[in-house]
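Structure at a glance
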Amino acid sequence: MKKISMVAFAATALMAMSCSDDDSSNSVALSGKWKLTKITTDQAFDGNEDGTATKDLIAETGQCWKDTYFEFLANNEAINFISTPWLGNECYTAETEGSYAVDGNSVVVTAMDEEGESSELELTKTGNKLKTYVPDFYEVEVTVGGETQVVSVAATLEFTKQ
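Note that this is a predicted model, so its numbers are computed, not measured.

Bringing the packing of aromatic side chains into the picture now. Under the defined criterion, the tally for this structure stands at eight aromatic pairs. Ring centres of Trp34 and Phe72 lie 6.4 Å apart, and the angle between their planes is 65°; this geometry places the pair in the edge-to-face category. Of this pair, Trp34 sits in strand E2 (residues 32-45) while Phe72 sits in strand E4 (residues 69-72); the two residues are 38 residues apart in sequence, bridging distant segments of the chain. Summarising the burial analysis for this pair, Trp34 and Phe72 share the class buried. Here a set of aromatic residues connected by ring pairs shows up, and it is made of Trp34, Phe70, Phe72, Tyr100 and Phe159. The ring centre of Tyr69 lies 4.3 Å from the NZ or CZ of Lys33, which sits over that ring.

Structure below.
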């Protein structure tokens, strides 16, 4: 039996992303809105209980993700709007502000979480896509032989310039 908890995702992974317009190695400007368009997990699962396990987290967990985006502003400021599944059919939403730095195709965003802790996330920009690999994207409770343990699942997130 598996039970997904997206709290770790909302609190850490997406609260720290950003970009800059001075990256001459890519033709797409970084300022503006970047929408979350793809989440690929390292392990397949059947979150929507349709009998088919996939690594496509958006397809398996519903439409809450459709409103998740980053908006990159002038002066290295970024706004992150998170909409993620929250235990059951409800969506958890939050908006955070942060800062960013760019070095070539690498983008590092720093943001404060709800507890006032600073977190960072590094993304790679290629054309109109931003990607990042998060080793502990969410946690799953797995019960085998009557024993339950929590396992972290990794995922690759992809954002597309709007």
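Still more ground to cover, so stick around.
Let us look at the environment of Asp50. Relative to the helices and strands, Asp50 is located in the loop between E2 and strand E3 (54-56). The class of Asp50 is partly exposed, set by a relative accessible area of 47%. Separated by 10 residues in the primary sequence, Asp50 and Glu60 have C-alpha atoms spaced 8.8 Å apart. At 2.9 Å, the side chain of Asp50 and the backbone nitrogen of Thr52 are in polar contact.

In this section: unusual backbone geometry. Even without glycine at this site, Glu49 takes up a positive phi of about 55°. Secondary-structure assignment places Glu49 in the loop between E2 and E3. According to the relative accessible area criterion, Glu49 is exposed, its value standing at 70%.

Another point: the confidence of the model for the chain. Averaged over every residue, the pLDDT of the chain is 81; residues scoring 70 or more account for 82%. Within the chain, E3 carries the highest mean pLDDT (95), whereas helix H1 (residues 7-11) carries the lowest (39). The model gives residues 1-25 a pLDDT under 50, and that stretch makes 96 contacts with residues more than four places away or in other chains.

Our next topic: the side chain of Ser83. Among the secondary structure elements, Ser83 is positioned in strand E5 (residues 77-86). Residue classification places Ser83 among the buried positions, given a relative accessible area of 3%. If sequence neighbours within four positions are ignored, Ser83 has contacts with Cys64, Trp65, Asp67, Thr68, Cys91, Tyr92 and Thr93.

Reading the values: rules and limits
- Residues numbered from 1 in each chain as written.
- Predicted model: local features only at pLDDT ≥ 70, side-chain atom pairs only at ≥ 80, totals over all residues.
- Heavy atoms only, no water.
- Phe/Tyr/Trp six-rings, centres within 6.5 Å; stacked < 30°, edge-to-face > 60°.
- Helix = DSSP H or I, 4+ residues; strand = E, 2+ residues; numbered from the N terminus.
- Buried < 20%, exposed > 50% of the residue type's maximum accessible area, 1.4 Å probe, protein only.
- Lys NZ or Arg CZ within 6 Å of the ring centre and 35° of its normal.
- Polar contact = N/O pair within 3.5 Å; in protein donor to acceptor, adjacent residues only side chain to side chain.
- pLDDT = per-residue confidence, 0-100.
- Contact = heavy atoms within 4.5 Å.

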